[in-house]
Amino acid sequence: MSFTENRILGDQSEPMVYARQPGTTDEVYDPEGRMRSHWQYLLDSLQQLGGETLQERQLKAERILRDDGATYTLASDTLNSRTWGLDPVPLLLDSEEWSQIETGLSERAELLNLLLADIYGPRELIRCGILPPELIFSHQGFLRPCQGVKLPGEHQLILHSSDMVRDADGSMVVIGDRTQTPSGAGYALENRTVMRRVFPSLFRDSHVHRLALFFHTLRQTLNRLAPPGNLSGGDLPTVVIMTPGAYSETYFEHTYLANYLGYPLVQGGDLTVRNGYVWMKSLDGLTRVDVILRRVDDNFCDAVELRSDSHLGVPGLLEVARAGRVAVANPLGSGVLENPALLKYLPQISQYFLGHELQLRSVPSYWCGDPDDLAYVLANVEKLVIKRCSRRSGEYGVFGNQLTSGEKQALIARIKQSPHLFAAQDFLSPSLTPSWQNGGLESRPSLLRSFTVAGQGGTYAVMPGGLTRIGVEVDSRLIANQLGSISKDTWVLASEPEKRMTLQPTPGVERREQMRQYTNLPSRMVENLFWMGRYGERADTAIRLMRTVFLQLNSAYRLPEGADRLLLRAVSEVTLTLPGFTAEDPELLKHPEAELLSVICDSRRTGSVKSSLIAMLNCAEEVKELLSADIQRIINDIRDELNGLEGSVSRGMTSAPEESLDPLITALLALSGLYLDSMFRGLGWRFLQIGRRLEKAQQVATLLRALLVPVHGDASDDLAMESALLTAEALNTYRRRYRAETNIASGLGVLLVDRSNPRSLIYQLDKLRTDLALLPARGKGPEMPREQRLVLEVYSAVQLVEMRILASSDAGESTRAALDDLLQLVQKRLNAVAIAISEDFFDHTGGPQQLVNTGWKSEL
């Protein structure tokens with residue numbers, strides 16, 4: 001039975017039947033209730049698949065998104081990032097309707113481009129009385145320092161997006177524009193990639209318009225924006241994508257686009273202004289930057305001329321842009337176009353610039369700074385959506401019909417106090433679209449965000465489709481990712497198969513780009529890789545020591561007197577969770593469970609297992625674009641384990657608690673293997689390995705100082721040696737090799753100078769010397785670099801020592817002095833190595849700042 005037959009028969013028990021909601025606008029059905037023909041094939045195909053198969057496909061899509069690291073961050077905490085939500089049922093648009101939408105969007109982008117040029121240029125619209133000056137000059141997005149700043153070429157507005165809903169008459173209506181840092185194009189591309197994998201046959205047979213041409217145009221446009229004076233001798237421009245960082249809610253999109261377009265992803269601290277140009281700081285020195293595709297809001301881009309408290313931008317950037325020595329897309333100040341009150345004036349602006357009305361109409365809008373509009377808004381609040389003219393993060397439009405009497409009066413009072421800060425729009429109920437919910441096809445309100453990019457010849461290219469978002473419930477008024485909305489892939493159906501398009505350069509001049517490699521890594525990325533390696537090894541040692549302590553404390557044999565105190569002190573000393581068990585607290589030693597749980601699970605306690613792993617995950621987020629898909633999967637596994645760590649450890653405290661730590665050890669081992677097998681041997685990988693080797697060597701020294709420097713003269717010495725070997729995964733090898741009881745001298749040999757032991761101190765020093773020798777030279781003299789000299793000193797001291805002397809102690813002494821001296825030397829020199837590497841390779845210099853704080857604050 002076909003989908004149409006089921007609908008006519010009204011079979012509501014069939015989960016794959018999608019029925020129209022009475023009195024609503026629907027994407028599947030026209031106003032007369034007839035199914036639109038372009039939906040027939042999709043819905044019939046989904047019915048043939050069946051609910052069980054579609055549910056499996058959805059779970060597969062969720063796994064792919066998770067493995068890709070596709071997230072949307074809801075708070076400044078990487079553990080609270082949620083996997084990007086994707087509905088397996090796409091939104092469909094036929095070619096004929098899309099052609100009209102595409103023309104309207106291109107025209108709209110052209111008009112906004114002319115408007116932007118006029119606002120920061122001659123301001124003819126204000127002179128002619130078309131735009132009230134208060135509308136522009138009172139908006140937070142209007143930046144006076146940007147007056148006269150102009151990009152090369154015909155376009156000032158490079159990227160633009162519009163949010164659209166379908167009106168009751170079936171036409172698309174724009175309810176808002178994004179011109180500052182339009183987000184969503186990368187998520188739309190990820191959605192398309194996932195849907196093609198999950199529904200390969202359905203996608204292929206539907207003849208869906210491809211997205212590659214949009215990104216190809218974006219790449220060409222960014223290359224053309226390079227200031228001509230910056231290039232000489234056929235040089236190719238240096239283009240970077242500037243992100244606020246890993247705590248940005250759309251950080252995944254930034255990394256995804258950087259990888260897809262092949263541009264370096266930088267933060268403001270990676271760039272500096274010197275001698276009138278913008279430069280990227282890298283290990284190879286300074287690389288001049290020609291074009292910046294920014295994802296940082298206007299006011300935060302320059303702490304010298306804009307917000308003085310910003311650390312997200314590049315101090316002095318606006319001065320360089322004003323001089324025409326760097327191109328910033330979108331240009332600073334373009335946020336003024338996001339004012340919802342501008343929609344009221346677009347018809348007059350279009351008549352002025354284009355000589356006709358816009359083909360794609362906007363929702364009826366009102367500006368409360370206009371007395372007539374203010375009177376209308378105050379009298380009809382319950383029919384309108386009230387918005388601030390200057391958008392704030394986390395703040396949404398207010399639906400008047402959902403307000404209580406008190407809330408309505410409070411809103412009216414705020415509007416009357418500052419009417420020029422508010423706009424209003426007629427409420428348009430979004431059209432409904434089928435969505436896979438609760439094991440069946442259900443209706444959800446939809447909002448389509450389209451994207452345009454400046455092309456050649458003064459035109460704009462439109463992404464076929466865009467990013468569709470749907471409401472959480474069938475009656476949801478607000479549709480926003482921050483509120484839990486999920487997305488859909490948007491399919492524009494072609495009448496015939498489309499020509500395949502990729503980002504491969506075309507023959508001719510662009511072919512030089514095939515030879516271009518962005519090998520320079522910002523020093524920030526290298527530093528994060530260095531610390532990613534260190535935090536991972538720090539957590540690994542802590543987990544292994546915790547497993548050893550649990551095994552020994554829960555042993556079937558009675559421990560020697562004082563052995564439990566020795567083991568517990570080692571936990572505090574190795575993890576540096578002091579005072580911990582180093583305090584003279586008999587009660588704590590008698591009942592150590594709470595402290596051990598804290599050392600594992602307390603994320604706010606520096607040195608704890610969870611704290612170290614979270615720090616590692618934060619570093620991984622900062623270098624996300626450098627990590628392979630397999631590494632990203634392991635990172636996700638570790639994040640999942642951390643989310644349930646406290647519960648699993650608490651439940652296991654009474655029985656084999658070490659078992660709850662095994663999944664983390666397995667994940668860290670997998671990560672270590674992937675570092676070796678799936679990362680290119682560039683400078684980034686080199687610093688990752690240096691961080692790992694440095695931390696492992698430090699941890700070996702700290703572990704041995706905690707366990708073997710104290711002398712007990714009884715069975716506790718053997719237990720300490722056994723625990724050290726067990727923590728270092730060397731106990732079984734030691735027993736096979738020596739076939740005897742543990743001996744301090746032979747045990748120290750295995751842990752300190754045995755090159756066949758990949759966890760020995762000498763093994764780490766060998767690797768560390770090799771990696772340091774391959775770093776780029778930082779000085780001009782012939783002398784050995786400081787960090788290499790320090791490692792050589794440690795290496796020589798370890799090589800020349802005798803295990804017999806290290807294991808011995810003077811009569812009556814409570815410590816092994818020779819061993820303690822050696823390990824202290826190792827710790828101090830390796831700490832100095834870390835400082836030397838930081839000072840020589842990781843840039844920490846600040847840029848120019850305002851002498852006087854602007855004190856900019858958000859409007860009331």
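Scroll up to find the structure.
What counts as what
- Residues numbered from 1 in each chain as written.
- Predicted model: local features only at pLDDT ≥ 70, side-chain atom pairs only at ≥ 80, totals over all residues.
- Heavy atoms only, no water.
- Helix = DSSP H or I, 4+ residues; strand = E, 2+ residues; numbered from the N terminus.
- Rg over C-alpha atoms; globule rule 2.2 N^0.38 Å.
- Buried < 20%, exposed > 50% of the residue type's maximum accessible area, 1.4 Å probe, protein only.
- Contact = heavy atoms within 4.5 Å.
- Areas by Shrake-Rupley, 256 points an atom, 1.4 Å probe, with all protein chains shown as cover.
- Pairing = 2+ DSSP bridges.
- Axes fitted to C-alpha atoms, helices over the stretch in contact; angles between N-to-C directions.
- Phe/Tyr/Trp six-rings, centres within 6.5 Å; stacked < 30°, edge-to-face > 60°.
- Patch = residues over 30% accessible without salt bridge, like charges linked within 9 Å, V, L, I, M, F, W, Y side chains within 5 Å.
- Salt bridge = Lys/Arg side-chain N within 4 Å of Asp/Glu carboxyl O.
- Lys, Arg positive; Asp, Glu negative; His and termini not counted.
- Charge placed at Lys NZ, Arg CZ, Asp CG, Glu CD.

Draft legend 1. A look at the overall build of the protein. Across its full length, the protein holds 30 helices and 21 strands. By the compact-globule yardstick of 29 Å for 860 residues, the protein fits well, its C-alpha radius of gyration being 32 Å. Taking the principal axes of the C-alpha coordinates as reference, the protein spans close to 100 × 70 × 60 Å. Evaluated residue by residue, the protein yields a buried proportion of 56% over its 860 residues. A sequence separation of at least 24 residues applies to 72% of the contacts in the protein between residues at least 6 apart. For the protein, the exposed area adds up to about 36,000 Å²; of that, 50% sits on carbon and sulfur atoms.

Draft legend 2. Main features of the sheet that holds strand β15 (residues 398-399). The strand order across the open sheet built from four strands is β13-β16-β14-β15, with neighbouring strands paired in antiparallel fashion. Looking at which strands have only one partner, the edges of the open sheet turn out to be β13 (365-367) and β15. Across three bridges, the pairing between β13 and strand β16 (residues 422-426) is antiparallel. What sits directly across from W367, in β16, is A423. Helix-sheet contacts for helix α12 (residues 342-353) involve β13 and β16, and the interaxial angle to β13 is about 105 degrees.

Draft legend 3. Broad picture of the packing of aromatic side chains. Summed over the entire model, instances satisfying the criterion amount to 20 aromatic pairs. Measuring from ring centre to ring centre gives 5.5 Å for F203 and W491, while their planes differ by 85 degrees; the resulting arrangement is edge-to-face. Of the two residues, F203 sits in helix α8 (residues 200-206) while W491 sits in strand β21 (residues 486-493), which places them 288 residues apart along the sequence. Residue W491 is classed as buried on the basis of its relative accessible area of 1%.

Draft legend 4. Focus on unusual backbone geometry. Here the residue pair A329 and N330 is connected by a cis peptide bond, since its omega of -15 degrees sits within 30 degrees of zero. In this structure, N330 sits in the loop between β12 (327-329) and α12. Look at the link from L578 to P579: it is a cis peptide, with omega at 5 degrees. Phi at N438 is positive, roughly 55 degrees, even though this residue is not glycine. When its relative accessible area of 72% is taken as the criterion, N438 is described as exposed. The phi dihedral of L576 is positive, around 60 degrees, even though this residue is not glycine.

Draft legend 5. Structural view of a negative patch on the surface. There is a patch of like negative charges on the surface, built from E561, D714, D718 and E741. Position of D714 among the secondary structure elements: in the loop between α23 (683-707) and α24 (715-727).

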